[in-house]
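In case you want the letters, here they are:
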Amino acid sequence: MRLLRDARVRGGLIQIALLAAVAGVILWIAHNTSQNLSERGIRTGWDFLDRPARFPISESVLPYDPQDTFLWAYVVGLGNTLWISALAILGATILGLGIGLAGRSANPLLAGLGTGYVTVMRNLPLIVQLLFWYALATAAFPAPRAAWEPLPGVFLTQRGIFLPALPAAQLALAVALGLAAALLLRRWRGTAGVAVFAATLILTRATVEMPELRGFTFTGGIALSPEFAALMLGIILYTAAFVGEIIRGGIDAVARGQWEAGRALGLPDRATLRRIILPQALRVIIPPMTSQYLSTVKNTTLALAVGYPELGLVVNTVINQTGQAIESLLILLGVFLTISLSVSLLMNWYNARMAIVVR
Amino acid sequence: MDYIAARPAPAKSPAPILRILFGDAVAALITVGVIGLIVLMLPVLEWAVFDAVWHGDAAACRAGGACWAYIHDKARLILFGIYPPDQQWRPVIVIGLILAMVMASLSPRFWNARLALLWGGAILVMLVLMKGGVFGMADVPTAKWGGLPVTLLLAVLSLGMGFPLAVLLALGRQSKLPVVKAVSVCVIELVRGLPLIGLLFVAAILLPLLLPSDWTIDKLGRTVAALTVFAAAYLAEVLRGGLQGLGKGQAEAAQALGISYWKMIWHIVLPQAIQKVIPPLTNTAIVMVKNTSLVMIVGVFDMLGAGRAAAGDPAWPAPFTETYLFVAAVYFAICFGISIYARWLERGVKRKSHA
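On a predicted model such as this, the values are computed, not experimentally measured, just so you know.

**Notes on the overall build of chain A**
Looking only at helices and strands, chain A features 12 helices and 5 strands. At 26 Å, chain A has a C-alpha radius of gyration far larger than the 21 Å of a compact globule built from 359 residues. Out of the 359 residues belonging to chain A, those deemed buried represent 40%. When contacts within chain A are restricted to residue pairs at least 6 apart in sequence, those whose partners lie at least 24 apart make up 63%. When the accessible surface of chain A is summed, it comes to about 19600 Å², and 67% of that surface belongs to carbon and sulfur atoms. Chain A carries 27 positive and 17 negative side-chain charges, and their two centres are separated by 14 Å.

In structure tokens form, the structure reads like this:
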């Protein structure tokens, strides 16, 4: 009994008991699983990955053919997940910056719009928003023959959204040259980049390719499927509200004296914001922003609800086709854990570095 | 010696509204832009209000505007799913009970051990009311539960069962014992690193394979399990913030007085730690209410699932847009209501502590 009162002995016993319990649960689950699998005659193993998938993937960034293997189907799904994550994060950051600044605006109309937007978006589940946009894009839009044209060259139809496009090669060249100019000419960074970008396009005589109605659908230009359009719109509008709140919080965290000092120096408010407040707010903004980006990547799995073929949908299809549920779910969980944990580690390293820099 | 009493700073006269709106070129541009945006939204208003069909049947709805007549017709189906209509007074009581309990729990006046017991009792009453089979109430299998009571029950059950788990995980993460700490960190980070859909898939597809074959847990139960684990991990991180914000002196003072570990946690550490994190806890609760909508993907009949089923009725012209707007309005009322109420309570607490 006296031994039990010793904190170190008791601690040791508790830990041994916990370890035993964890091991016991794992063994118990393993035992159940093997019994269930043999009872139901379910095949396990990874050899299905080499077999041809034989199911279609409606759209993908990476090339895909139903004759490709299951492994490649997973890679294609992951590619789509990363692609929509990147686009969603980019779009939400730009829109969110606008919304965060709007919420802090001196203009009551703009401030009201900003806060109202955040309130509505944050109190509605993302999946309801996605389904709403998808319903709008498929049921409310007209057939291609009667397409709506809100802007010249932009067509909204049940079959998707069609946009005018620049030829890919010339666009890539212009972007590369513009970026190079922006990096080299530090003084006029933004202006130089845009000027070189535009000049390249004009000099190479890039012509805008307009979508045209041919038969039952449009050809030419950029075509966005209803699934992709609804997913992007929904996820960007939703995430932007959260990004906006984070940016607004960051601006609020900068001491008032900084604004007053800027004013005392005769800087206009907008210059104070851009040159003094935002750079300091960034330090406060980055940690919550990273976790927001991570949850955006996780949120892309909701694409399942509108039928955009990202990793979650591919996994779901494979389970229905092969019954290899354990392996498929392990892949899904493994991929997301890898993404989350690597970003977390990166963030911890970054925070530790920032902590040294901060006095 | 005479002192001159301190005077309050002179009141700043607010800038005239016209100057705020049209002071310089950029301000004017912003104002015009916002007004333009509002004008662009007018067709939506036309669709939703002026052209809308408020009464009548499916035939009247083919005209173009929003078909609110359909919502009028299907509201019961969306709110209660396929629960037997003559028994629907039972889910109505359950909803009322949940709202009353949530209102009471958010108020610090009721915080004590009895509240936890009360929650246990209330949840039991809710489940009995929904399931029936006793006291002369007809038996309703969980497969027939649906709509708003399922949404609210999922949220309440996952938060209610997740909270004690979260306390253990948060304490484990702060523990000095390395194994306890490692296990807690692993569980928390594992769950937080996964999308909720992944967890729901595991619960719906994998769990029957992992448990003994003679255990039959229905789909609703498995979904609740997944949501509970999810809620616990996120609540644990919120609680960790409260525990870290608590001065070390509190625990040390308790130890100096010879108070045992669990008594110290229960009477000294937890009450103060929780008090510190009420706003983020409320936030997590709202997030969980929103997250319950994902169960639709694994085929549980919550409000969103019931709405989709209702909109699929071929008699009506596929009014999915209206359905989602209606469902969204209900979610908004719940989530926004909770946050307004919590903020109001918080102001009350602050006023009292300053007085």
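Further notes follow.
**Here we look at the packing of aromatic side chains**
Residues and elements named next belong to chain B. One pass over the full model with this rule turns up 10 aromatic pairs over all chains. With centroids separated by 6.2 Å and ring planes inclined at 35°, the aromatic side chains of Phe 320 and Tyr 324 adopt a geometry described as tilted. Residue Phe 320 and its partner Tyr 324 are both found in helix H15 (residues 320–354); the two are separated by 4 residues, about one turn of the helix. Residue Phe 320 is classed as partly exposed on the basis of its relative accessible area, which comes to 24%. A residue is classified by how much of its surface remains accessible, and Tyr 324, at 3% relative accessible area, is buried.

**Brief notes about the side chain of Ser 293 of chain B**
Tracing the backbone through its elements, the reader meets Ser 293 of chain B in the loop between helix H13 (278–291) and helix H14 (303–311). The class for Ser 293 of chain B is buried, based on a relative accessible area of 1%. At 2.5 Å, the side chain of Ser 293 of chain B forms a polar contact with the backbone oxygen of Lys 290 of chain B. Beyond its immediate chain neighbours, meaning those up to four positions away, Ser 293 of chain B contacts Pro 125 and Ile 127 of chain A together with Asp 302, Leu 304 and Tyr 331 of chain B.

**Comments concerning helix H8 (residues 178–192) of chain B**
Given a rise of 1.5 Å per residue, 15 residues ought to cover 21 Å, and the 21 Å separating the end C-alpha atoms of H8 of chain B matches this to within 8%. The set of residues buried in H8 of chain B consists of Val 179, Val 180, Ser 184, Ile 188 and Val 191 of chain B. Angularly, the buried residues of H8 of chain B cover 160° about the axis, an arc narrow enough to put them on a single face. Pointing more than 90 degrees away from the buried face of H8 of chain B are the exposed residues Pro 178 and Cys 186 of chain B. Tucked inside the fold, the buried residues of H8 of chain B contact helix H2 (7–40) of chain A together with helix H7 (148–174), helix H9 (196–210) and helix H10 (219–245) of chain B.

**Details of the interface of chain B and chain A**
Quoted interface sizes are often the accessible area lost when the parts come together. With 55 residues of chain B in contact, the opposing surface of chain A contributes 53 residues. With both chains or domains summed, chain B and chain A bury close to 4600 Å², and 77% of this area falls on carbon and sulfur atoms. Three residues, Phe 201, Leu 209 and Lys 290 of chain B, lead the burial of chain B against chain A; their summed loss comes to 14% of the area buried on that side. Seen at the junction of chain B and chain A, the total is 0 salt bridges. Applying the counting rule to chain B against chain A returns 10 residue pairs in polar contact (both at pLDDT 80 or more). Contributing elements (two or more residues each) for the side of chain B that touches chain A: helix H1 (17–22), helix H2 (25–40), H8, H9, H13, H14 and H15 of chain B. Examining the composition of the side of chain B that touches chain A, we find that 10 residues originate from one element, H15 of chain B, more than from any other. Of the residues contributing to the side of chain B that touches chain A, the split by class is 43 nonpolar, 7 polar and 5 charged.

**A short note on the pattern of salt bridges**
In total, this model carries 7 salt bridges over all chains according to the counting rule given. Note that Arg 256 of chain A and Glu 260 of chain A form a salt bridge whose closest N and O atoms lie 4.0 Å from each other. Here Arg 256 of chain A and its partner Glu 260 of chain A are both found in helix H9 (residues 256–264), 4 residues apart, which amounts to about one turn of the helix. Note on Arg 256 of chain A: relative accessible area 63%, which makes it exposed. A salt bridge links Arg 173 of chain B to Glu 189 of chain B; the shortest N-O distance between them is 3.2 Å. Here the residue Arg 173 of chain B occupies a position in helix H7, and Glu 189 of chain B occupies one in helix H8, the gap between them amounting to 16 residues. A relative accessible area of 13% places Arg 173 of chain B in the buried class. Taking the relative accessible area as the measure of exposure, Glu 189 of chain B reaches 21% and is therefore partly exposed.

Thresholds, definitions, all that
Residues numbered from 1 in each chain as written. Chains lettered and ligands numbered in written order. Predicted model: local features only at pLDDT ≥ 70, side-chain atom pairs only at ≥ 80, totals over all residues. Heavy atoms only, no water. Helix = DSSP H or I, 4+ residues; strand = E, 2+ residues; numbered from the N terminus. Rg over C-alpha atoms; globule rule 2.2 N^0.38 Å. Buried < 20%, exposed > 50% of the residue type's maximum accessible area, 1.4 Å probe, protein only. Contact = heavy atoms within 4.5 Å. Areas by Shrake-Rupley, 256 points an atom, 1.4 Å probe, with all protein chains shown as cover. Lys, Arg positive; Asp, Glu negative; His and termini not counted. Charge placed at Lys NZ, Arg CZ, Asp CG, Glu CD. Phe/Tyr/Trp six-rings, centres within 6.5 Å; stacked < 30°, edge-to-face > 60°. Polar contact = N/O pair within 3.5 Å; in protein donor to acceptor, adjacent residues only side chain to side chain. Expected span 1.5 Å × (residues − 1). Arc of directions from axis to C-beta. Buried area = accessible area lost by both parts, 1.4 Å probe. Salt bridge = Lys/Arg side-chain N within 4 Å of Asp/Glu carboxyl O. Nonpolar A, V, L, I, M, F, W, Y, C, P; charged D, E, K, R; others polar.

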